[in-house]
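# Commentary on secondary and tertiary structure
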Amino acid sequence: QPQLVESGGGLVQAGGSLRLSCAASGRIFSINAMGWYRQDPGKQRELVAVITSGGSTNYADSVKGRFTISRDNAKNTVYLQMNSLKPEDTAVYYCYAKLVVSVIRPAYDYWGQGTQVTVSS
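Because the structure is a prediction, the values reported are computed rather than measured. (Residues numbered from 1 in each chain as written. Predicted model: local features only at pLDDT ≥ 70, side-chain atom pairs only at ≥ 80, totals over all residues. Heavy atoms only, no water.)

Here Asn76, not a glycine, exhibits a phi torsion of approximately 50°, which is positive. If you trace the backbone, Asn76 turns up in the loop between β7 (67-72) and β8 (77-82). Taking relative accessible area as the criterion, Asn76 reaches 24% and is therefore assigned partly exposed. In this structure, Ser84 takes a positive phi of about 50° despite not being glycine. Relative to the helices and strands, Ser84 is located in the loop between β8 and β9 (91-100). (Helix = DSSP H or I, 4+ residues; strand = E, 2+ residues; numbered from the N terminus. Buried < 20%, exposed > 50% of the residue type's maximum accessible area, 1.4 Å probe, protein only.)

A few words now on the pattern of salt bridges. Enumeration according to the criterion identifies 6 salt bridges in this entry. Asp89 serves as the salt-bridge partner of Arg66, at 2.7 Å between the closest nitrogen and oxygen. Of the two residues, Arg66 sits in the loop between β6 (57-59) and β7 while Asp89 sits in the loop between β8 and β9, which places them 23 residues apart along the sequence. Under the relative-accessibility criterion, Asp89 is labelled buried at 1%. Notably, a salt bridge pairs Lys98 with Asp109, separated by 2.8 Å at the nearest N-O pair. Separated by 11 residues along the polypeptide, Lys98 in strand β9 and Asp109 in strand β10 (residues 108-111) bring together distant segments of the chain. For Asp109, a relative accessible area of 33% puts it in the partly exposed group. (Salt bridge = Lys/Arg side-chain N within 4 Å of Asp/Glu carboxyl O.)

Taking strand neighbours across the sheet as the criterion, the 4 strands line up as β1-β3-β8-β7 in an open arrangement whose pairing is antiparallel. Only two strands of the sheet have a single partner each, and these edge strands are β1 (3-7) and β7. Direction aside, neighbouring strands of the sheet carry axes that sit 15° apart on average. Both β1 and strand β3 (residues 18-25) contribute to a ladder of 5 bridges, which runs antiparallel. Looking at β3, one finds that Glu6 is bridged to Cys22. (Pairing = 2+ DSSP bridges. Axes fitted to C-alpha atoms, helices over the stretch in contact; angles between N-to-C directions.)

A separate point is the nonpolar core. The nonpolar side chains of soluble globular proteins are, as a tendency, buried together. In terms of nonpolar packing, the biggest core is built from 30 residues, with Trp36, Leu80, Met82 and Tyr93 touching the most fellow members. Secondary structure elements with two or more residues in this core: β3, β4 (30-39), β5 (46-52), β7, β8, β9 and β11 (115-120). Among the elements that line this core, the one with the most residues is β9, at 5 residues. Those residues in contact with Leu80, other than ones at most four positions away along the chain, are Leu18, Arg19, Leu20, Trp36, Val48, Ala49, Phe67, Thr68, Ile69 and Tyr93. (Core = buried A, V, L, I, M, F, W, Y, C linked by side-chain atoms within 4.5 Å. Contact = heavy atoms within 4.5 Å.)

Below is the structure:
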């Protein structure tokens, strides 16, 4: 079973920056997509950014121009560079990956445990 491990969260002042990392490990045949979701207490999980195996990216409107998602395929790692952070960016950020673990199984969604990002005003 693949595992996703996030790092890089923390406390930052508004206007500051953080860089999140998520490394996928375990038995992985291929990665279809990796990305980030976030969730505030009492709210549904929201897509932040995703990058496909082909390099296409998709961002939530609220983070466009401020966040950049990137990947290192050799390391099975995805990054989220977060600039110009706002208090409303405060959330638990969850790594997401759509992975193929076997040629006889379809792609499946996997989730990390989450990393807290807190932006103070």
